[in-house]
Amino acid sequence: MAREQVTEVVAEMVANVLSVAVAPGDPVAAGDTVVLLESMKMEIPVLIEASGTVRAVKVAPGDVVQEGDVLVEIVAG
């Protein structure tokens, strides 16, 4: 049985989560915005690099994330 290939989408900086654009089970394509962050009065879209399906969303609007925190898990496919 093949093991799932999971990609973790992580925060690249300390920021506030403004919105989450996906839910578990949603199909996503490379370049899609999955989370919108805010840092220093700037909105920063978090894009994914590969297509797949959202396995888990680890944040919610209003959360404060640190650099390296997992935002979303994507299963390749």
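Residues numbered from 1 in each chain as written. Predicted model: local features only at pLDDT ≥ 70, side-chain atom pairs only at ≥ 80, totals over all residues. Heavy atoms only, no water.

**A word on the overall build of the protein chain**
- The helix and strand tally for the protein chain stands at 0 helices and 8 strands.
- Across the protein chain, helices and strands are ordered from the amino to the carboxyl terminus as β-β-β-β-β-β-β-β.
- Taken against the 2.2 N^0.38 rule, which gives 11 Å for 77 residues, the C-alpha radius of gyration of the protein chain at 12 Å falls within 12% of a compact globule.
- C-alpha atoms of the protein chain, sized along the principal axes, occupy 45 × 20 × 15 Å.
- The burial tally for the protein chain puts 31% of its 77 residues in the buried class. (Helix = DSSP H or I, 4+ residues; strand = E, 2+ residues; numbered from the N terminus. Rg over C-alpha atoms; globule rule 2.2 N^0.38 Å. Buried < 20%, exposed > 50% of the residue type's maximum accessible area, 1.4 Å probe, protein only.)

**What to know about the sheet that holds strand β7 (residues 64-65)**
- With respect to topology, 4 strands assemble into an open sheet ordered β5-β4-β2-β7, the strand pairing being antiparallel. Where the open sheet ends on each side, the last strands, each with one partner, are β5 (42-47) and β7.
- Across 4 bridges, the pairing between strand β2 (residues 15-20) and strand β4 (residues 33-39) is antiparallel. Its bridge partner being in β4, Ser19 is matched across the sheet by Leu36. (Pairing = 2+ DSSP bridges.)

**A word on the side chain of Glu38**
- Structurally, Glu38 is set in strand β4.
- Buried charge Glu38 goes without a salt bridge, the closest partner of opposite sign being Lys41 at 5.5 Å.
- Reaching out from Glu38, the side chain makes a polar contact with the backbone nitrogen of Lys41 at a distance of 2.8 Å.
- Non-local contacts of Glu38, meaning those with residues more than four positions away in its chain, are made with Ala15, Asn16, Leu18 and Ile44. (Lys, Arg positive; Asp, Glu negative; His and termini not counted. Salt bridge = Lys/Arg side-chain N within 4 Å of Asp/Glu carboxyl O. Polar contact = N/O pair within 3.5 Å; in protein donor to acceptor, adjacent residues only side chain to side chain. Contact = heavy atoms within 4.5 Å.)

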